[in-house]
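Residue-level structural notes
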Amino acid sequence: MKATAIAPANIAFVKYWGRTDDTLVLPSNASISMNLSACTTTTTVEFNEAFKEDEVFINFDAQDFSRIQGIKMQKVVEQLDRIRALKKVQIKAKVYSKNSFPAGNGMASSASGFAALTLAGISALDIHLDEKDLSILTRKSGSGSACRSIPDGFVEWIDGDDATSYARSLYDHDWWDLMDIVVVFDSSTKQVSSIDGHKLAWSSPLYKARLEQVPITIHNVRDALRTKDLTKLGKAIEAEALSMHAVMMTSNPPLLYWSAKTIECIKALWQWRKEGIEAYVTIDAGSNVHIICEEKEKDNLMDKLSRFSGVIKTIVNKPAIGARVVEKHLF
Ligand code: PMV
């Protein structure tokens, strides 16, 4: 009873920030994202009657796997429990999980992690769910945005109630040759997890205004994806990311995920745009900057970034397929 799945992280063009229900993980607003080809998590789950307890091992940075504990472990066990409940079994599991990118610094490692865990878990127990139900189960994991890593390519997570809030593909991964160049300034773990951050959203005086704006942004981003209009998409996603961070910064207590390098990079990108490079910026709950462009601008941007100080590394992503089961196990 062993299975392995790979799932991509995703970058939100329209962000999910704040929930209407913490237990069911229902978002306050719909969101749209793109799956990332170079930021993936591979997870193997084995259920075995001989196991006395659940054990979870993750490779945080190097090759070595270390056993996770505390709140992270609790979230994984809760998701294993949801999977076991579907099959009405109580068999313990061993889980190995490997990231292709730094975890826990606003790079959606929890999204790819919980998507891979959920798909590997149901496959190991031979549970068959359609994509909608799999995304709903993944949504409940605690990292809501993980549900967007299940379908292919460009994905919308619909807000709604427990039965209707799910993720679906708007366009396949090969619809548009967009790129997300992640500029990594800091690969240390972020100070406030997004799980805690969502709870603070409602304390910001700007949150209500943001929630009024999001449906308009969703409409514009959907339209820009349909017509492959980079200028329209870029303007919408930049304003959208700044809106989410304005809410974060004005929460009580305030959340400031940016570093000095984040601001420097945004300003540099705006200057490069004036010089004719068409690229736009978005930022999740971390200090790293995601540059969204078409493939034809990649070399120009990589050249500029190679001369930008403080960059630890860059990760070049294309749109990717969603979570899938693979044959090769991690143990
Ligand atoms: O899915 P969570 O609970 O890890 O929250 C994700 C929040 C953001 O990354 C900031 C936005 C998003 O929609 O991905």
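What counts and how
Residues numbered from 1 in each chain as written. Predicted model: local features only at pLDDT ≥ 70, side-chain atom pairs only at ≥ 80, totals over all residues. Heavy atoms only, no water. Pairing = 2+ DSSP bridges. Helix = DSSP H or I, 4+ residues; strand = E, 2+ residues; numbered from the N terminus. Axes fitted to C-alpha atoms, helices over the stretch in contact; angles between N-to-C directions. Contact = heavy atoms within 4.5 Å. Near = heavy atom within 4 Å. Polar contact = N/O pair within 3.5 Å; in protein donor to acceptor, adjacent residues only side chain to side chain. Nonpolar A, V, L, I, M, F, W, Y, C, P; charged D, E, K, R; others polar. Buried < 20%, exposed > 50% of the residue type's maximum accessible area, 1.4 Å probe, protein only.

Points about the sheet that holds strand E13 (residues 313-317)
The strand order across the open sheet formed by 4 strands is E11-E12-E10-E13, and the pairing between neighbours is antiparallel. Since the sheet does not close on itself, it has two edges, and those belong to strand E11 (279-282) and E13, each with one partner. Averaged over all pairs of adjacent strands, the angle between strand axes in this sheet comes to 25°, irrespective of strand direction. As judged from the 5 bridges shared by strand E10 (residues 178-184) and E13, these two strands associate in the antiparallel manner. Among the inter-strand pairings, Val182 is bridged to a residue of E13, identified as Ile315. Sheet contacts for helix H6 (residues 230-249): E10, E11 and strand E12 (289-294); angle to E11, the most-contacted strand, approximately 25°.

Structural notes on the site of the ligand
Of all residues adjacent to the ligand, which total 16 residues, the nearest are Tyr16, Ser145, Arg148, Ser194 and His198. Measuring from an oxygen atom of the ligand, one finds a backbone N or O atom of Gly144 at 3.3 Å. In this structure, Arg148 approaches the ligand through a side-chain N or O atom, which is 2.7 Å from an oxygen atom. Each residue belonging to the shell around the ligand can be placed in one class, and the counts come to 5 nonpolar, 7 polar and 4 charged.

Considering unusual backbone geometry
With an omega of 0°, the peptide bond between Asn252 and Pro253 qualifies as cis. Positive phi is not limited to glycine here, since Asp126 has a value of about 60°. Along the chain, the position of Asp126 falls in the loop between helix H2 (109-124) and helix H3 (131-139). Backbone geometry at Lys228 places phi at a positive 50°, although glycine is not the residue there. Looking at where Lys228 falls in the secondary structure, it is placed in the loop between helix H5 (207-227) and H6. With a relative accessible area of 37%, Lys228 lands in the partly exposed category.

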